[in-house]
Amino acid sequence: MCDYSLHAVASRPAEVGETVVTTTFRGTSTRGFASAADPTVAVCLLPGTELAFADNVRYDNRWIWTRTVNSRVGKFGKIDPHIPDRHHDAIEFPDGKYVLVTQLVEGQRATVLQLPVTQPVGEREHKPQIAESRPTITRLPIG
């Protein structure tokens with residue numbers, strides 16, 4: 001999925017094995033992921049998509065300097081989806097901390113390792129659903 005502020009930007013779903021790059025899209029102040037081959041198209045990730053970054057992840061913390069997360073792997077997710085008109089796309093790291101995608105420093109490369117498992121529509125209609133509780137990502141500051 002792409003954040004609310006990228007709805008006016010051309011987009012497509014992510015593919016396993018592709019390289020994506022953090023970028024600011026023209027006409028927006030929002031950063032997101034784009035294909036390395038076509039930086040004008042937003043690559044949308046489903047919650048649970050796993051990424052491997054080429055280097056430790058760098059992000060802006062609303063200050064002049066950038067910060068670095070001591071990790072190269074993360075999982076895409078949404079935070080505070082019940083709060084409208086704000087950024088929800090985030091990367092969660094193995095230590096439980098997260099960074100909003102819009103705060104990621106531009107130009108960072110990541111490989112899409114794995115997409116979340118989804119059932120085809122036909123299978124969902126015929127199989128009983130099991131209620132599953134998912135943990136809620138709590139908004140915690142980094143640093």
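Use the structure listed above.
Residues numbered from 1 in each chain as written. Predicted model: local features only at pLDDT ≥ 70, side-chain atom pairs only at ≥ 80, totals over all residues. Heavy atoms only, no water.

Peer 1: Explain the overall build of the chain to me, using residue names and the numbers behind them.
Peer 2: Along the backbone of the chain there are one helix and 11 strands. A buried classification covers 38% of the 143 residues belonging to the chain. Here the analysis covers contacts within the chain between residues at least 6 apart in sequence; of these, 58% occur between residues at least 24 apart. (Helix = DSSP H or I, 4+ residues; strand = E, 2+ residues; numbered from the N terminus. Buried < 20%, exposed > 50% of the residue type's maximum accessible area, 1.4 Å probe, protein only. Contact = heavy atoms within 4.5 Å.)

Peer 1: Can you explain the side chain of T23? Please cite residues and give values.
Peer 2: One can find T23 in strand β2 (residues 19-24). The buried category is assigned to T23, whose relative accessible area is 13%. Among all residues touching T23, those that are not within four sequence positions of it are T30, R31, G32, A34, P39 and E106.

Peer 1: Explain the nonpolar core residue by residue, including any values.
Peer 2: Side chains of a nonpolar character, in soluble globular proteins, are inclined to be buried together. Counting 18 residues, the largest nonpolar core has F33, L45, L51, F53, I91 and L104 as the members making the most contacts within it. Where this core is concerned, the elements lending two or more residues are β5 (50-53), β6 (57-60) and β11 (109-114). Once residues lying within four places of it in the same chain are set aside, the contact partners of L104 are T22, R31, F33, V57, R58, Y59, I91 and V99. (Core = buried A, V, L, I, M, F, W, Y, C linked by side-chain atoms within 4.5 Å.)

Peer 1: Describe the pattern of salt bridges, and please don't skip the residues or the numbers.
Peer 2: Under the criterion given, the structure shown has three salt bridges. D60 is the salt-bridge partner of R31, the closest N and O atoms lying 2.6 Å from each other. Of the two residues, R31 sits in strand β3 (residues 31-35) while D60 sits in strand β6, which places them 29 residues apart along the sequence. Judged by its relative accessible area of 22%, D60 is partly exposed. In this structure, K78 engages D89 in a salt bridge whose closest nitrogen and oxygen atoms are separated by 2.3 Å. Within this pair, whereas K78 is found in strand β8 (residues 73-78), its partner D89 is found in strand β9 (residues 89-92), the two being separated by 11 residues in sequence. For D89, a relative accessible area of 6% gives the class buried. (Salt bridge = Lys/Arg side-chain N within 4 Å of Asp/Glu carboxyl O.)

Peer 1: I'd like to hear about the environment of R12, residue by residue, with values.
Peer 2: Structurally, R12 can be placed in strand β1 (residues 11-13). Judged by its relative accessible area of 25%, R12 falls in the partly exposed class. Separated by 32 residues in sequence, R12 and C44 have C-alpha atoms that sit 6.0 Å apart.

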